Amino acid sequence: MLVGKVLVPVHNPSEAVLVLLLSYYIFNISYHPKLHSSLEFFQRFFLQVNPPQGTKRAKKKRTTDPIDSKVKALASKLSSFSWSV
């Protein structure tokens, strides 16, 4: 049983998100329908993983664009800001 055991130690939230997204690819799992926009945003905007085709979203009948429209809109809005720390 693996319940309650740490398999991959992480030291901060960004590492945890990275491990989460990598597990979807390693195990070839589609994103959950209620989370697919959020997970795809992290994948495309923060990790810069932008495959020319294919997606981890659950398959829809009439999807022609590989990028979720909500993800594309948010990424476009955020890209227009100039970030300084």
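Residues numbered from 1 in each chain as written. Predicted model: local features only at pLDDT ≥ 70, side-chain atom pairs only at ≥ 80, totals over all residues. Heavy atoms only, no water.

Caption draft 1: Focus on the packing of helix 1 (residues 13-26) against helix 2 (residues 36-46). At a closest axis distance of 11 Å, the pairing of helix 1 and helix 2 adopts a crossing angle of 100°. By the criterion of interaxial angle, the relationship of helix 1 to helix 2 is roughly perpendicular. Residues Val-17, Leu-20, Leu-21, Tyr-24 and Tyr-25 of helix 1 form the contact with helix 2, whose own contacting residues are Leu-39, Phe-42 and Gln-43. Per-class residue counts for the contact of helix 1 with helix 2 are seven nonpolar, one polar and no charged. (Axes fitted to C-alpha atoms, helices over the stretch in contact; angles between N-to-C directions. Helix = DSSP H or I, 4+ residues; strand = E, 2+ residues; numbered from the N terminus. Parallel < 35°, antiparallel > 145°, perpendicular 65-115°, else oblique. Contact = heavy atoms within 4.5 Å. Nonpolar A, V, L, I, M, F, W, Y, C, P; charged D, E, K, R; others polar.)

Caption draft 2: Main features of the packing of aromatic side chains. Counted according to the given criterion, the structure contains two aromatic pairs. When the centroid spacing of 4.9 Å and the interplanar angle of 85° are considered together, the rings of Tyr-24 and Tyr-31 count as edge-to-face. The pair formed by Tyr-24 and Tyr-31 is uniform in burial state, with each residue classed as buried. (Phe/Tyr/Trp six-rings, centres within 6.5 Å; stacked < 30°, edge-to-face > 60°. Buried < 20%, exposed > 50% of the residue type's maximum accessible area, 1.4 Å probe, protein only.)

Caption draft 3: How the structure looks around the packing of helix 2 against helix 3 (residues 69-79). At their nearest, the axes of helix 2 and helix 3 sit 9 Å apart, and the two run at 45° to each other. What the angle tells us is that helix 2 and helix 3 run oblique. Once helix 2 is placed against helix 3, the crossing between them reads as right-handed. In this structure, helix 2 contributes Ser-37, Glu-40, Phe-41, Arg-44 and Phe-45 to the contact, and helix 3 contributes Lys-70, Val-71, Leu-74, Ala-75, Leu-78 and Ser-79. (Left-handed = near helix turned anticlockwise from the far one by under 90°.)

Caption draft 4: Just helix 2, in detail. Taken together, the buried positions of helix 2 are occupied by His-36, Ser-37, Leu-39, Glu-40, Phe-41, Gln-43 and Arg-44. Where helix 2 ends, the next residue or the one after it, Gln-48, has phi of about 60°, a positive value.

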